[in-house]
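Observations on the three-dimensional arrangement
Read off the chains here:
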Amino acid sequence: MSATTFETPTPGRALRIGLWAAQGLIFFVFTSAGLVKLLTPIPQLAAMMPWAGQYSETFVRIIGLIDLAGGIGILLPALTRILPRLTVLAALGCTVLQVFALAFHLSRGEADVTLLNVVLLTLSLFVLWGRGRKAPIAPRQF
């Protein structure tokens, strides 16, 4: 009796490079946005993002923390290979956040600012699919 083994194909180099590039871009945008929302005084922030002056400071700061967590989570676990499944969860969180951000901005009549949300949603979905199914990162062996 012979045993049949099934090998999963190794993901292509272009896919791996694309995923790392997407993760790096998401990291940069989300981390930057999070730090701006956390560290900028509300009057200055409202000049850049009018909605920030129309909601409570607590709400704005929580959104900043969520952005920061998403940015760090999309890259750091995969980069260190410590709990790399967290990258998949961060990509899911970033996806959900962008769906809510799109709905938020569209409900306020701010369709002109949603292009960035659509791009980030697309990149987040790509990382979710790629790191979840096609090119997962193996955890570090200690």
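Above this text sits the structure in question.
Residues numbered from 1 in each chain as written. Predicted model: local features only at pLDDT ≥ 70, side-chain atom pairs only at ≥ 80, totals over all residues. Heavy atoms only, no water.

Below, the discussion takes up the overall build of the chain. If you tally the helices and strands in the chain, you get 5 helices and 0 strands. Going from N to C terminus, the chain has its helices and strands arranged as α-α-α-α-α. Projected onto the principal axes, the alpha-carbon positions of the chain cover approximately 75 × 35 × 25 Å. The buried share of the chain, reckoned over its 142 residues, is 36%. Here the contacts in the chain between residues at least 6 apart in sequence split such that 64% fall between residues at least 24 apart. As presented, the chain carries roughly 8900 Å² of accessible surface, and 70% of it is formed by carbon and sulfur atoms. (Helix = DSSP H or I, 4+ residues; strand = E, 2+ residues; numbered from the N terminus. Buried < 20%, exposed > 50% of the residue type's maximum accessible area, 1.4 Å probe, protein only. Contact = heavy atoms within 4.5 Å. Areas by Shrake-Rupley, 256 points an atom, 1.4 Å probe, with all protein chains shown as cover.)

This next bit is on helix α3 (residues 57-80). When the terminal C-alpha atoms of α3 are compared, their 34 Å separation across 24 residues agrees well with the 34 Å that a helix rising 1.5 Å per residue should span. Of all the bends found along α3, the most pronounced is centred on Gly73 and spans about 30°, while Pro77, a proline, follows it within four residues. Downstream of α3 by a residue or two, Arg81 has a phi angle that is positive, lying close to 60°. (Expected span 1.5 Å × (residues − 1). Bend = angle between axes of the 7 residues up to and from the residue.)

There is a patch of nonpolar side chains on the surface, built from Ile82, Leu83, Leu86, Leu89, Leu92, Val96, Phe100 and Phe142 and spanning about 880 Å² of accessible area. Within the secondary structure, Leu86 sits in helix α4 (residues 85-107). (Patch = residues over 30% accessible without salt bridge, like charges linked within 9 Å, V, L, I, M, F, W, Y side chains within 5 Å. Salt bridge = Lys/Arg side-chain N within 4 Å of Asp/Glu carboxyl O.)

In total, this model carries 3 salt bridges according to the counting rule given. A salt bridge links Asp67 to Lys37; its shortest N-O distance comes to 2.6 Å. In this pair, Asp67 is assigned in helix α3 and Lys37 in helix α1 (residues 13-39), connecting sequence segments 30 residues apart. In this structure, Glu110 and Arg108 form a salt bridge, with 3.0 Å as the shortest nitrogen-oxygen distance. Judged by relative accessible area, Glu110 falls into the buried class, the value being 14%.

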